[in-house]
Amino acid sequence: MKADKFLFVIALLILIASIVLYIHKVKTPPVTVLPAATNTDVQVYTPAPNQQIQSPVTIQGKARGTWFFEASFPVKIVDANGKELGHASASTKESWMTSEYVTFGASLKFEFPTTQTGTIILQNDNPSGLEANAKEVRIPVSF
């Protein structure tokens, strides 16, 4: 009888752990985060990491053409708690259908933050929607 209760408790714990892991996986899609300092796909000229910014912030740099779709890719800014404060599209006027670098720019307006720090997140445009193709570059900033 004790063995049956023990097996039931173990099975219940395994079930609960599986549900928690599944929910976490659904909420947090895998994304390849490329540190701005060592990234070979995107190079950001401005703002510099940890630079103090205000709205609107101008973002400039160069990215491989593979980051673009229809000459743009998404950019957003979050506060230290992960709350999205604003979003925009980085765009280029150059030919983006290349694996070479293409210059880009974006003007990102954002809400007044409640934290002193945040992160600008540049995401490759991923028209396939496949999580395996998702990449991003994070730039820490202060407000």
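Note that the coordinates shown come from a computational prediction; the quantities given were computed from them, not determined experimentally.

1. A closer look at the overall build of the chain
Consideration 1: Broken down by element type, the chain carries 1 helix and 8 strands.
Consideration 2: Reading the chain from its N terminus to its C terminus gives the helix and strand order α-β-β-β-β-β-β-β-β.
Consideration 3: The burial tally for the chain puts 32% of its 143 residues in the buried class.
Consideration 4: For the chain, the computed accessible surface area is about 9300 Å², with 60% contributed by carbon and sulfur atoms.

2. Examining the packing of aromatic side chains
Consideration 1: Summed over the entire model, instances satisfying the criterion amount to 5 aromatic pairs.
Consideration 2: Seen from their ring centres, phenylalanine 68 and phenylalanine 73 are 5.1 Å apart, and the 70 degrees between their planes marks the pair as edge-to-face. With respect to class, phenylalanine 68 is no different from phenylalanine 73; both count as buried.
Consideration 3: For the pair phenylalanine 110 and phenylalanine 143, a centre-to-centre distance of 5.6 Å together with 50 degrees between the ring planes defines the contact as tilted. Of the two residues, phenylalanine 110 sits in the loop between strand 6 (101-108) and strand 7 (117-123) while phenylalanine 143 sits in the segment after strand 8 (135-142), which places them 33 residues apart along the sequence.
Consideration 4: Among the aromatic residues, those joined into a cluster by ring pairs are Trp67, Phe68, Phe73 and Phe104.

3. Remarks on the pattern of salt bridges
Consideration 1: What the rule picks out here adds up to 3 salt bridges.
Consideration 2: Across the pair arginine 138 and glutamate 136 runs a salt bridge, and its minimum N-O distance is 2.6 Å.
Consideration 3: The class of arginine 138 is partly exposed, set by a relative accessible area of 37%.
Consideration 4: Look at glutamate 136 and you get buried, because its relative accessible area is 6%.

4. As for the nonpolar core
Consideration 1: Phe73, Phe104, Ile120 and Leu122 are the most contacted members of the largest nonpolar core, which has 25 residues in total.
Consideration 2: Ranked by the residues each element gives to this core, the list is headed by strand 6, at 4 residues.
Consideration 3: Leave out the neighbours within four places in its chain, and isoleucine 120 touches Pro47, Ile53, Val57, Ile59, Val75, Lys76, Ile77, Val137, Arg138, Ile139 and Val141.

5. Overview of the confidence of the model for the chain
Consideration 1: Scored by pLDDT, the chain comes out at a mean of 83, with 79% of its residues at no less than 70.
Consideration 2: Confidence over residues 27-34 falls short of pLDDT 50; this stretch has 18 contacts with residues more than four positions distant or in other chains.

Cut-offs applied
- Residues numbered from 1 in each chain as written.
- Predicted model: local features only at pLDDT ≥ 70, side-chain atom pairs only at ≥ 80, totals over all residues.
- Heavy atoms only, no water.
- Helix = DSSP H or I, 4+ residues; strand = E, 2+ residues; numbered from the N terminus.
- Buried < 20%, exposed > 50% of the residue type's maximum accessible area, 1.4 Å probe, protein only.
- Areas by Shrake-Rupley, 256 points an atom, 1.4 Å probe, with all protein chains shown as cover.
- Phe/Tyr/Trp six-rings, centres within 6.5 Å; stacked < 30°, edge-to-face > 60°.
- Salt bridge = Lys/Arg side-chain N within 4 Å of Asp/Glu carboxyl O.
- Core = buried A, V, L, I, M, F, W, Y, C linked by side-chain atoms within 4.5 Å.
- Contact = heavy atoms within 4.5 Å.
- pLDDT = per-residue confidence, 0-100.

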